Amino acid sequence: MLSTLTVVLLPLLAAVLYSPTANPSSLNNDFTAKDNVLFVTAHPDDECMFFAPTILGLQSISQPPDIHVLALSFGNAEGLGETRNLEFFDSLDVLGIPQSHSHIVDHPDLQDDMTENWDPEIISNLVHSYVVSHDITTILTFDRLGVSGHLNHISLFWGTRRYAQVHSPSPKVYSLVSVPTFSKYLSVVSPTQAKFDLFWMWLLRKADGTVLRALYLLGVVTNRPEVPPQDAMPVFVSGVHEFLTAHKAMRQHWSQLVWFRLLYVLFSRYMWVNEWQEIRLHHIELPSSTN
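Here's a quick rundown of the structure. (Residues numbered from 1 in each chain as written. Predicted model: local features only at pLDDT ≥ 70, side-chain atom pairs only at ≥ 80, totals over all residues. Heavy atoms only, no water.)

### A short note on the overall build of the chain
Part 1 of the reasoning: In terms of regular secondary structure, the chain is built from 10 helices and 8 strands.
Part 2 of the reasoning: When burial is assessed residue by residue, the chain has 46% of its 291 residues classed as buried.
Part 3 of the reasoning: Within the chain, contacts between residues separated by at least 24 positions form 82% of all contacts whose residues are at least 6 apart in sequence.
Part 4 of the reasoning: Surface accessibility of the chain: about 15100 Å² in total, with carbon and sulfur atoms responsible for 59%. (Helix = DSSP H or I, 4+ residues; strand = E, 2+ residues; numbered from the N terminus. Buried < 20%, exposed > 50% of the residue type's maximum accessible area, 1.4 Å probe, protein only. Contact = heavy atoms within 4.5 Å. Areas by Shrake-Rupley, 256 points an atom, 1.4 Å probe, with all protein chains shown as cover.)

### Examining unusual backbone geometry
Part 1 of the reasoning: In the segment running from S168 into P169, the intervening peptide bond is cis, with an omega of -5 degrees.
Part 2 of the reasoning: Mapped onto the secondary structure, P169 falls in the loop between α6 (151–166) and β6 (172–176).
Part 3 of the reasoning: In the Ramachandran plot, D45 falls in the positive-phi region, its phi being about 100 degrees despite a non-glycine side chain.
Part 4 of the reasoning: Exposure remark for D45: the relative accessible area of 4% places this residue in the buried category.
Part 5 of the reasoning: Despite not being glycine, S187 has its phi angle at roughly 55 degrees, a positive value.

### Side note on the sheet that holds strand β3 (residues 66–71)
Part 1 of the reasoning: Pairing is mixed in the open sheet, where 8 strands are placed in the order β1-β7-β8-β6-β5-β2-β3-β4. One side of each edge strand has no neighbouring strand; the edge strands of this open sheet are β1 (21–22) and β4 (102–104).
Part 2 of the reasoning: One ladder, built from 6 bridges, connects strand β2 (residues 36–41) with β3; its direction is parallel. Its bridge partner being in β3, N36 is matched across the sheet by D66. (Pairing = 2+ DSSP bridges.)

### Some points on the side chain of K184
Part 1 of the reasoning: Its place among the elements puts K184 in helix α7 (residues 181–184).
Part 2 of the reasoning: Of the side chains with opposite charge, D143 comes closest to the buried, unpaired K184, at an N-O distance of 9.2 Å.
Part 3 of the reasoning: With near-sequence residues (within four places) excluded, K184 lies in contact with V147, S148, V179, F267, S268, R269 and Y270. (Lys, Arg positive; Asp, Glu negative; His and termini not counted. Salt bridge = Lys/Arg side-chain N within 4 Å of Asp/Glu carboxyl O.)

This is the structure:
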């Protein structure tokens, strides 16, 4: 019985995982060749440990934007900053991002430290400089929980939000949704569940349209029905090829390949799935102080 289930389920799982998926949203439907998307990261290796599904997903859409990555530190917590700087560009090369579309910052007040909040004003100024220089139209970064709770990650949320506050009009700013710890390390369960959720939402939307059209034809409603456009949360789910590409990019960060990071890249949801939420300027106050 068990062997029969295995024979049936393994090919089905492989089929589900094989291809990348993204839902129709503002992050993959509204771009033109003139758009420039900026990922703001805290450290070298963030680009492949957290953002790879979106970086690779955006490159596969019909009108891909130019993708840029701005890292706001060398990741010098262990004195390996110069090495990590070189690894950063090697990783981006694997992810398909040219060196001309990336920059890494070594600012005395933005040093890699899990216990340190970075100044939102400094982040805002650095982001503004890059946005103006490269005509950036969309910014993507961490949310207020920083995925891993790292204070440098969290600081990017407040810094990019500060940028959007003081520079109007500004590019759209999106934050990567942090999920609970249990949901973070489910390996292939994460992309399987995410693809099922996207399919279910698509099915419900199709059903809504069908029901409305049926009611119109029966005379229950008099106005010709139109399903309103869906303001969907942008979701990118990697396929097997994209997952392996993210792993290859992470292997460029050889100085960081300690046992717990190896476990992370094997089991983390963020190697497979990215969900995004637009940063709104209302109902959120900046932190009152920084360390």
